[in-house]
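A structural walkthrough
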Amino acid sequence: MVLAQLGGSISRAIQQMSNATVIDEKALNDCLNEITRALLQSDVQFKLVRDMQTNIKKIVNLDDLAAGHNKRKIIQQAIFNELCKMLDPGKPSFAPKKGKTNVVMFVGLQGSGKTTTCTKYAYYHQKKGWKPALVCADTFRAGAFDQLKQNATKAKIPFYGSYTESDPVKIAVEGVERFKDENCDLIIVDTSGRHKQEASLFEEMRQVSEATRPDLVIFVMDSSIGQAAFDQAQAFKQSVAVGAVIITKMDGHAKGGGALSAVAATKSPVIFIGTGEHMDEFEVFDVKPFVSRLLGMGDLSGFMDKIKEVVPMDQQPELLQKLSEGNFTLRVMYEQFQNLLKMGPIGQVFSMLPGFSADLMPKGHEKEGQAKIKRYMTMMDSMTNQGNTRLPVLELDNSNPKLMNESRMMRIARGSGRPVREVMELFEEYKRIAKAWSNMKGLGKMAKKGDMSSLSRNMNAQQMSKALPPQMLKQFGGMGGLQNLMKQMGSGKDMMGMFGGGDK
Ligand SMILES: Nc1nc2c(ncn2[C@@H]2O[C@H](COP(=O)(O)OP(=O)(O)OP(=O)(O)O)[C@@H](O)[C@H]2O)c(=O)[nH]1
């Protein structure tokens, strides 16, 4: 993601300042100039950047800070706060309510990624147990219905549209009625786009909106326009009651930071960002965790959320039971691999999971990582299982690494058509992951309700620190940083501490 470059530049600037022997006016100015350059390159409006600089200098008055003050931490927190302020529209978006009928209308220019985003939005909610449906009211672009139909079919989401009807209002109304009757709780209406903002587009939008009375109108825009997003978002807001914004193509454009800050300046909340063409390349946008991740400080709340997503609800009690017994068998690992693969390209989350190393699925090489997991699973398919054994031990259900002797490895290699070297590698990976999970032993007992949220509530910083890969713990600022972070998460207060907590 191009944003990673922006984040990288900002973190480097902070790091350089931290490395300076004395943090004086010059060190602070150098750092702020570097950050300014990075933000301007990302097309953030000059005024916003200048205001940010002024505010930080006001907060961090080096002369007033007594010698004992942790200047580095104060500066870091000021930068974190100012970046959050820059991206915060100051008001939340309407949140659809699960189980009730919600009509959500999507608007945007042609090619902004609207149709793709409608399906991503539906798919995201479907995974969380909603009952979404898609209505194609785009009668302007030939092929729009086919595209929506294709996407919807792939994601197994019901859809409605017509090849012959040319009135978008009629289709929208019919589709919404149909899905209301079918008790869908998230009815998504995709509307036509135009190459540019023009009267006919806005008129059509108004008519569809009046006829379907959406609970939420989502404006979809392409991040490549950078700070010009301000004018575009304003123009749409003036024509229809835009309640939220989704910014697409954040994976390919250097101007993502500019687009995000410009939309925030229109006081419209950005709720998701699109980070690729695939259905699950779609991320919730939440200012503080986003800035924290942007600056390479991780996102523990997102991490917990992802764990909940990775492990389906109905399997959570079972997994917790196994973990509480310290019984991390190859079958548990196999099931975790299955869950991970279902999520698609998840390199970024992968590195956050206890014991799973970042290099198993490095950033930008998710496909190789996935292929590797698939190879591991093929080898595991050749292990003795309830269905395929005459041997006394079911390898998949065993957690004793000593069982895996040379002859077993040779047999697994033959059975799966993979070299013995790879089978050995699989066992090394298993041992490492099992060791990391064994640190979670006992946590399952705490999860009285048998769900992951209870687990995350009950986990203390020390247990968490054992379960995290060392490089990730370092990113959180060591044990101190993690404690700080978890305290703030627990109290639900400002998560500013995500940024700090270092021991310098
Ligand atoms: N890289 C990347 N491509 C995206 C993203 N979102 C959408 N696209 C691509 O952008 C192109 C246009 O997307 P569509 O969904 O067809 O655009 P649209 O806004 O519905 O277009 P109209 O229906 O004509 O208004 C497609 O090739 C999508 O695959 C994203 O987040 N990242």
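Anything mentioned here points back to the structure above.
Source: prediction; values computed, not measured.

Side chains that are nonpolar tend, in soluble globular proteins, to be buried together. With 71 residues, the main nonpolar core has Leu-39 and Ile-247 as its most contacted residues. Per-element accounting of this core gives the leading share, eight residues, to helix H4 (residues 71-87). In terms of nonpolar packing, the next biggest core, distinct from the first, is built from 27 residues, Ala-155, Leu-216, Ile-218 and Phe-282 among them.

Pairing in this open sheet of eight strands is mixed, and the strands run E3-E2-E4-E1-E5-E6-E7-E8 from one edge to the other. This sheet does not close on itself; its edge strands, each paired only once, are strand E3 (159-160) and strand E8 (282-284). Each of strand E1 (102-108), strand E5 (216-222) and strand E6 (242-248) is contacted by helix H9 (residues 229-239), which is oriented at about 155 degrees to E5, the strand it contacts most. Along the sheet, helix H10 (residues 256-265) makes contact with E5, E6 and strand E7 (270-274), crossing E6 at roughly 175 degrees.

A few words now on helix H5 (residues 114-127). Along its 14 residues, H5 runs 20 Å from first to last C-alpha, staying within 8% of the 20 Å computed at 1.5 Å per residue. Along H5, 11 of the 14 residues are buried, which leaves the element largely enclosed by surrounding structure. One or two residues past the end of H5 sits Gly-129, with phi positive at roughly 95 degrees.

To describe a pair of aromatic rings, one takes the distance between the centres and the angle between the planes. For the structure shown, the criterion picks out 10 aromatic pairs. Ring centres 5.1 Å apart and planes at 85 degrees place the aromatic pair Phe-202 and Phe-236 in the edge-to-face group. With a gap of 34 residues between them, Phe-202 in helix H8 (residues 199-212) and Phe-236 in helix H9 connect regions that are remote in the sequence. With relative accessibility at 0%, the residue Phe-236 sits in the buried group. Following the ring pairs from residue to residue traces out a cluster consisting of Phe-106, Tyr-121, Tyr-124, Phe-272 and Phe-282.

Moving on: the site of the ligand. Around the ligand, 20 residues are found, and the nearest of them are Gln-110, Thr-115, Thr-116, Arg-141 and Asp-251. Between the ligand and Lys-120 there is a distance of 3.5 Å, counted from an oxygen atom to a side-chain nitrogen or oxygen. Taking Lys-249, its main chain carries an N or O atom lying 2.9 Å from an oxygen atom of the ligand. Alone, the ligand offers 660 Å² of accessible surface; in the complex the protein occludes 83% of this.

The next point concerns the pattern of salt bridges. For the structure shown, the criterion picks out 15 salt bridges. The residue Lys-170 makes a salt bridge to Glu-165 at a minimum N-O spacing of 3.4 Å. One continuous salt-bridge network, built from bridges that share partners, spans Glu-165, Lys-170 and Glu-174.

Of all seven residues that make up E6, six are buried, and the element is covered over most of its length. Where E5 lies against E6, six bridges are found, and the strand directions are parallel. Across the sheet, residue Phe-219 finds its bridge partner in E6, namely Val-245. Relative to E7, E6 runs parallel, the two being bridged by three bridges.

Turning to H4, a few remarks are in order. The end-to-end C-alpha distance of H4 is 25 Å, a good match for the 24 Å that 17 residues give at a rise of 1.5 Å each. Counted residue by residue, H4 has 12 buried out of 17 residues, so it is predominantly covered.

Our focus in this paragraph is the packing of helix H2 (residues 25-41) against helix H3 (residues 46-59). Their axes nearest at 10 Å, the elements H2 and H3 cross at an angle of 160 degrees. Taken together, H2 and H3 sit at an angle that is classed as roughly antiparallel. The handedness of the crossing between H2 and H3 comes out as right-handed. Residues Asn-29, Leu-32, Asn-33, Ile-35, Thr-36, Leu-39 and Leu-40 of H2 form the contact with H3, whose participating residues are Phe-46, Val-49, Met-52, Gln-53, Ile-56 and Lys-57. The class makeup of the residues in the contact of H2 with H3 is eight nonpolar, four polar and one charged.

Calculation notes
- Residues numbered from 1 in each chain as written.
- Predicted model: local features only at pLDDT ≥ 70, side-chain atom pairs only at ≥ 80, totals over all residues.
- Heavy atoms only, no water.
- Core = buried A, V, L, I, M, F, W, Y, C linked by side-chain atoms within 4.5 Å.
- Buried < 20%, exposed > 50% of the residue type's maximum accessible area, 1.4 Å probe, protein only.
- Helix = DSSP H or I, 4+ residues; strand = E, 2+ residues; numbered from the N terminus.
- Pairing = 2+ DSSP bridges.
- Contact = heavy atoms within 4.5 Å.
- Axes fitted to C-alpha atoms, helices over the stretch in contact; angles between N-to-C directions.
- Expected span 1.5 Å × (residues − 1).
- Phe/Tyr/Trp six-rings, centres within 6.5 Å; stacked < 30°, edge-to-face > 60°.
- Near = heavy atom within 4 Å.
- Polar contact = N/O pair within 3.5 Å; in protein donor to acceptor, adjacent residues only side chain to side chain.
- Areas by Shrake-Rupley, 256 points an atom, 1.4 Å probe, with all protein chains shown as cover.
- Salt bridge = Lys/Arg side-chain N within 4 Å of Asp/Glu carboxyl O.
- Parallel < 35°, antiparallel > 145°, perpendicular 65-115°, else oblique.
- Left-handed = near helix turned anticlockwise from the far one by under 90°.
- Nonpolar A, V, L, I, M, F, W, Y, C, P; charged D, E, K, R; others polar.

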